[in-house]
Every structure is written in C-alpha cells, then in structure tokens.
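Each chain, letter by letter, is given below.
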Amino acid sequence: MSTIEALQGQENPEGIHAVVLDSIRHYGFERFIISGLPDPGMDVRPFVLLSGWDEEWYARYTSLGYVHFDPVARHCFATTLPFDWSSAPYDAEADLPARRVMDEARDFGMDEGFCVPVHLEGGMQGVVSLVGRTDWLDEKHRLELHMLALYAHGRLRFLNTLSRTQPRRAITRREAEVLKWVANGKTASEIAEITGLSARTVNQHCENAQRRLGTNNRLHTVVEAIRHKLITL
C-alpha cells in the first residue's frame, strides 16, 4: 500500500519509473515496460507509457513491429489474469515470427518474465511486463505485482491525459530530424553519416531536445517527441 501511495503522489513519468523499479527489485525484476497495445499494423511507440527495457532491444522491438508477433503481447488479448511469459501459447515450429521474437529476446537476457494485461474502457488493451524469474513467486507476490501494475498503468494514463491539455513543447527542425533517425534505431555515427553532421553535433542535438522536453534519457526523448507529434515515423 505504501508503494501505491507513492505512485499516486508522482507527477511525472520519471518519478513513476523510480517507484516501480524500486518496488519490482524486491521481487527479483530489473526491467519492465508499461504500454498500451495497438491494433494490427499500428506502430506501438505512441502507445508506450514508460519503458525500462534495454534501449537497443526497445529500438529493435518497436521499429520492427515485434509487438504484433510477440506471443506475450498477443496473449494479453485472450486473458484478464497475470501470467508468466512461458504460459503464452505459440507454435514454435509453425509460427516463425513469434519464435524469432522470443529467440532474440533471449539474446538480450529476456527469456523469463511476468505479464499483467490491462483491459481499458472502449476495448483498449494495455500491458505491464516485468523481466525476470518467476518460479519463486507465490500467490501473494503475484497479487501484489498485479496491484502495482494496475496502479502504475493508471497513474501514467492519468498523467498522459493531463499532458495533452498543456501547451505543446517545441524542438528545432534539426533536433526533430535527428530524433527521427534515433527512433529508427540509428546510432550517432550512422546519423552523422546520413545528415552530414558530426557525431558530436548529433549527440548535442539529442541533449538539447532532451532538455527542451524535460526527459531523462534518449529513449524517453524519442517517446515524448512521438507522443507530442513533434516527429513522424
């Protein structure tokens, strides 16, 4: 309950990230993602509320549309109850895209996890997915994680709604161009080659955009820029 109270007191995603990470570490988890789930063919990035994933894996997963092949994400549409990733059904022999997602996730140390589906008004779907071992979790732990996930998702949605009523924050044309390439998984050196800038200048544009948008890392900056429609993909 103290964790839920702490979540309710947060006024920005950074604060929620800190509370969630501190809490899930007590259960053996180190990484997580909180998101909505898009309809088939839609880009997942505007739906992501908060990512604590490895940045390289996040960029690959989102840019390649893995959410539409991921057995864990797909299973959220079929159940209202939390489940272990290993419980998400798929045919490893016949469903090659799903097997690819799971194999690549394993390469990033994401072979086990705990997932909480979030069913929203109007038929919208959401998810809170935690990365780590689950074999030692008892029913009490699972209930606590279920509650934590629902409150964190709800608080982020509330803050997201508030932000839409606030004036849109601006970034420069060059910052938007650089962030667009970052969103497509390009490194600073690759962006420098594409744009004709130096890698140092590319990094400076990213830092300037981060400062303007009030974000705490490059990934969060891209998410905010997409969410505020400052860049298009």
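Here the structure is shown first, and the text comes after it.
Here goes a summary of the coordinates provided. (Residues numbered from 1 in each chain as written. Predicted model: local features only at pLDDT ≥ 70, side-chain atom pairs only at ≥ 80, totals over all residues. Heavy atoms only, no water.)

Going through the model one piece at a time under the given rule, you end up with twelve salt bridges. The structure contains a network of salt bridges with shared partners spanning R60, R100 and E104. (Salt bridge = Lys/Arg side-chain N within 4 Å of Asp/Glu carboxyl O.)

Take the environment of E56 next. If you trace the backbone, E56 turns up in helix α3 (residues 55–63). Counting along the chain gives 129 residues from E56 to G185, while the straight-line C-alpha distance between them is 7.7 Å. (Helix = DSSP H or I, 4+ residues; strand = E, 2+ residues; numbered from the N terminus.)

With that settled, the discussion passes to the pairing of strand β1 (residues 31–37). Among the seven residues of β1, six are classified as buried, and the element is accordingly described as predominantly covered. Relative to strand β5 (residues 125–131), β1 is paired through seven bridges, and the arrangement is antiparallel. Bridging across to β5, I33 finds its partner in S129. (Buried < 20%, exposed > 50% of the residue type's maximum accessible area, 1.4 Å probe, protein only. Pairing = 2+ DSSP bridges.)

A rise of 1.5 Å per residue sets the reference length of helix α5 (residues 96–107), with its twelve residues, at 16 Å; its end C-alpha atoms lie 16 Å apart and thus fit the reference within 8%. Packed against the buried residues of α5 are α3 and α4 (71–75). Note on α5: the residue one or two positions beyond its end, G109, has a positive phi of about 75°. (Expected span 1.5 Å × (residues − 1). Contact = heavy atoms within 4.5 Å.)

This paragraph deals with empty space enclosed by the protein. Applying the stated criterion across every chain yields a total of two cavities of 30 Å³ or more. The volume enclosed by the largest cavity comes to roughly 250 Å³. Around the largest cavity, the lining comprises 22 residues; the ones closest to its centre are I33, W53, Y61, D70 and S129. With four residues, the single largest contributor to the lining of the largest cavity is α3. Across the lining of the largest cavity, the residue classes break down as 18 nonpolar, three polar and one charged. In this structure, the second largest cavity encloses a volume near 40 Å³. Listing elements by their share of the lining of the second largest cavity, those giving two or more residues are α2 (13–24), β5 and α6 (139–164). Per element, the largest residue contribution to the lining of the second largest cavity is four residues, and it comes from α6. (1 Å grid on protein atoms, 1.4 Å probe; cavity = no way out; pocket = protein on both sides within 12 Å on 5 of 7 lines; lining within 4 Å. Points joined across faces, edges and corners; volume = space filled by probe spheres on them. Nonpolar A, V, L, I, M, F, W, Y, C, P; charged D, E, K, R; others polar.)

Moving on, we get to the packing of helix α7 (residues 173–183) against helix α9 (residues 199–213). Two numbers describe how α7 lies on α9: the axes approach to 9 Å, and their chain directions differ by 100°. It follows from the interaxial angle that α7 and α9 lie roughly perpendicular. From α7, R174, E175, V178, L179 and V182 reach across to α9, where they touch V202, H205, C206, N208, A209 and R212. Considered class by class, the residues forming the contact of α7 with α9 number six nonpolar, two polar and three charged. (Axes fitted to C-alpha atoms, helices over the stretch in contact; angles between N-to-C directions. Parallel < 35°, antiparallel > 145°, perpendicular 65-115°, else oblique.)

A separate point is the nonpolar core. Membership of the largest hydrophobic core comes to 25 residues, with the highest contact counts inside it found for I24, F29, F32, I34, L130 and L145. Contributions of two or more residues to this core are made by α2, β1, β2 (48–51), β4 (113–119), β5 and α6. At six residues, the largest contribution of residues to this core is made by α6. In contact with F32, other than residues within four places in its own chain, are H17, V20, L21, I24, L50, S51, G52, W53, S129 and L130. (Core = buried A, V, L, I, M, F, W, Y, C linked by side-chain atoms within 4.5 Å.)

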